[in-house]
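What the coordinates show
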Amino acid sequence: MQHVRFLKLGVATAILGLAGFASGSAAAEDVNMWDGQWHADAAVYGWVPFIYPTVKLPAAAGGGTDTPEIQPSQYIKYIKGGALFDGSVRKGDWSIWTDLVYLNLQASPSRTREIGLPGGLPTLPVIFNAESGLRVAVWTLAPSYTVMNNDLGTLDILAGIRYVSARVNFAYDFTAPPTRLNRGGGFWPQLDSTDGIVGVKGALRLSSDGKWYLPYEADGGAGTSTWNWNAFLGVGYHFHWGDLLLGGRNLTWHRTGDVAFENVRMTGPFFGAAMRW
């Protein structure tokens, strides 16, 4: 129940941030985030990562572990839901940063094969049905403090928590009507964890007018039997209405011990838009 409360709080934070994003159309072109007043920034972005889940297979599936590569071209058509949000609230050198990643993939493949029967009898259809899916939710919340803010750029030190929830499901059955054949099975590994994290976040200025910049973030942390790390690096350009961003991100979570769900790694390009007010 604790993990469910964390996720609900994360979704609520994202919704409030999106509302603020929508109301920020009057944001000034040159907002000084460090002028001692209350300010906020929010980014809505797209991320198309390659996904590498590591699961322990049951004996019926051959045993051992497997780490398939799930490419964006393979899963985009199976997306049933998703949300991506990044934002912070700041007053002077102190700020609170939050990031939410949610992805729900579902597929229901079905195959039929005709099997010839002895004696020239009509073929027997054998039908294979499956239900498979991957659901990942990652919410990060971290206070931070600015230790550098000059012509080179900014650097914040952060410390907070990261909640990770992941579910893999695979169920199958074989039928051969009109016979009584009905065989099936499946496995449903899952994980939930809340880990502490520490890291850095900021931006390096690439041009004298400050319009081109290099946003970055890197953090890592651990829990009782888990560890995780997250990092992104990109390039941004500041317009009068806000910023456009393009870069790459990696998010990795690992659990130790004899567990069915050992690891999730998501890595790939991102693009988005941000506003400050």
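Above this text you will find the structure in question.
Throughout what follows, the structure given in this document is the object of discussion. (Residues numbered from 1 in each chain as written. Predicted model: local features only at pLDDT ≥ 70, side-chain atom pairs only at ≥ 80, totals over all residues. Heavy atoms only, no water.)

1. What about the side chain of Thr 154?
- Following the sequence through the fold, Thr 154 ends up in strand E8 (residues 153–175).
- Look at Thr 154 and you get buried, because its relative accessible area is 9%.
- Discounting residues that sit within four places of it in the chain, Thr 154 has contacts with Trp 34, Met 148, Asn 149, Lys 201, Gly 202, Ala 203 and Tyr 216. (Helix = DSSP H or I, 4+ residues; strand = E, 2+ residues; numbered from the N terminus. Buried < 20%, exposed > 50% of the residue type's maximum accessible area, 1.4 Å probe, protein only. Contact = heavy atoms within 4.5 Å.)

2. Remarks on the packing of aromatic side chains
- According to the stated counting rule, one finds 6 aromatic pairs in the structure shown.
- Both rings, one in Tyr 45 and one in Phe 270, keep their centres 6.3 Å apart while their planes meet at 75°; by these two values the pair is edge-to-face. With Tyr 45 in strand E1 (residues 38–47) and Phe 270 in strand E14 (residues 261–276), the pair connects residues that are 225 residues apart, well separated along the chain.
- Phe 270 gets classed as buried once you look at its relative accessible area, which sits at 8%.
- Between Phe 239 and Trp 241 the ring centres are 5.5 Å apart and the planes differ by 10°, which places this aromatic pair in the stacked class.
- Overall, Trp 241 belongs to the partly exposed group, its relative accessible area being 36%.
- Through a chain of ring-to-ring contacts, three or more aromatic side chains come together here, namely Trp 212, Tyr 237, Phe 239 and Trp 241.
- The side chain of Arg 249 reaches across the aromatic face of Trp 47, ending 5.0 Å from its centre.
- The residue whose ring lies beneath Arg 265 is Tyr 52, and the NZ or CZ to ring-centre distance is 4.3 Å. (Phe/Tyr/Trp six-rings, centres within 6.5 Å; stacked < 30°, edge-to-face > 60°. Lys NZ or Arg CZ within 6 Å of the ring centre and 35° of its normal.)

3. So, the environment of Asn 32
- Topologically, Asn 32 is positioned in the loop between helix H1 (2–22) and E1.
- Asn 32 sits 60 residues away from Gly 92 along the chain, and the two C-alpha atoms are 9.7 Å apart.
- Of note is the side chain of Asn 32, whose polar atom sits 3.1 Å from the backbone nitrogen of Trp 34. (Polar contact = N/O pair within 3.5 Å; in protein donor to acceptor, adjacent residues only side chain to side chain.)

4. What about a nonpolar patch on the surface?
- Taken together, the side chains of Trp 94, Tyr 145, Val 147 and Ile 157 present a nonpolar region at the surface, about 410 Å² in accessible area.
- If you trace the backbone, Tyr 145 turns up in strand E7 (residues 124–150). (Patch = residues over 30% accessible without salt bridge, like charges linked within 9 Å, V, L, I, M, F, W, Y side chains within 5 Å. Areas by Shrake-Rupley, 256 points an atom, 1.4 Å probe, with all protein chains shown as cover. Salt bridge = Lys/Arg side-chain N within 4 Å of Asp/Glu carboxyl O.)

5. So, the nonpolar core
- Ranked by size, the top nonpolar core spans 26 residues in total, and within it Trp 47, Ile 51 and Met 266 carry the most contacts.
- Elements with a minimum of two residues in this core: E1, strand E2 (50–56), strand E5 (94–107), E7, E8, strand E10 (190–205), strand E13 (243–255) and E14.
- When neighbours within four sequence positions are excluded, Trp 47 is seen to be in contact with Leu 84, Val 101, Arg 249, Leu 251, Met 266, Thr 267, Gly 268, Pro 269 and Phe 270. (Core = buried A, V, L, I, M, F, W, Y, C linked by side-chain atoms within 4.5 Å.)

6. Some details on the pattern of salt bridges
- Per the stated rule, a full pass over the model turns up 5 salt bridges.
- One salt bridge in this structure joins Asp 156 and Arg 90, with 2.5 Å as the shortest N-O distance. Note that Asp 156 is positioned in strand E8 and Arg 90 in strand E4 (residues 79–91), a separation of 66 residues in sequence.
- In this structure Asp 156 comes out as buried when scored by relative accessible area, which is 5%.

7. Looking at the pairing of E4
- Note: E1 against E4, 6 bridges, orientation antiparallel. Note that in E4 the partner of Ala 42 across the bridge is Gly 87.
- Bridge count for E4 against E5 is 12 bridges, and the pairing is antiparallel. Bridge pairing in E5 links Ala 83 to Tyr 102. (Pairing = 2+ DSSP bridges.)

8. A closer look at the environment of Tyr 172
- In this structure, Tyr 172 sits in strand E8.
- When its relative accessible area of 25% is taken as the criterion, Tyr 172 is described as partly exposed.

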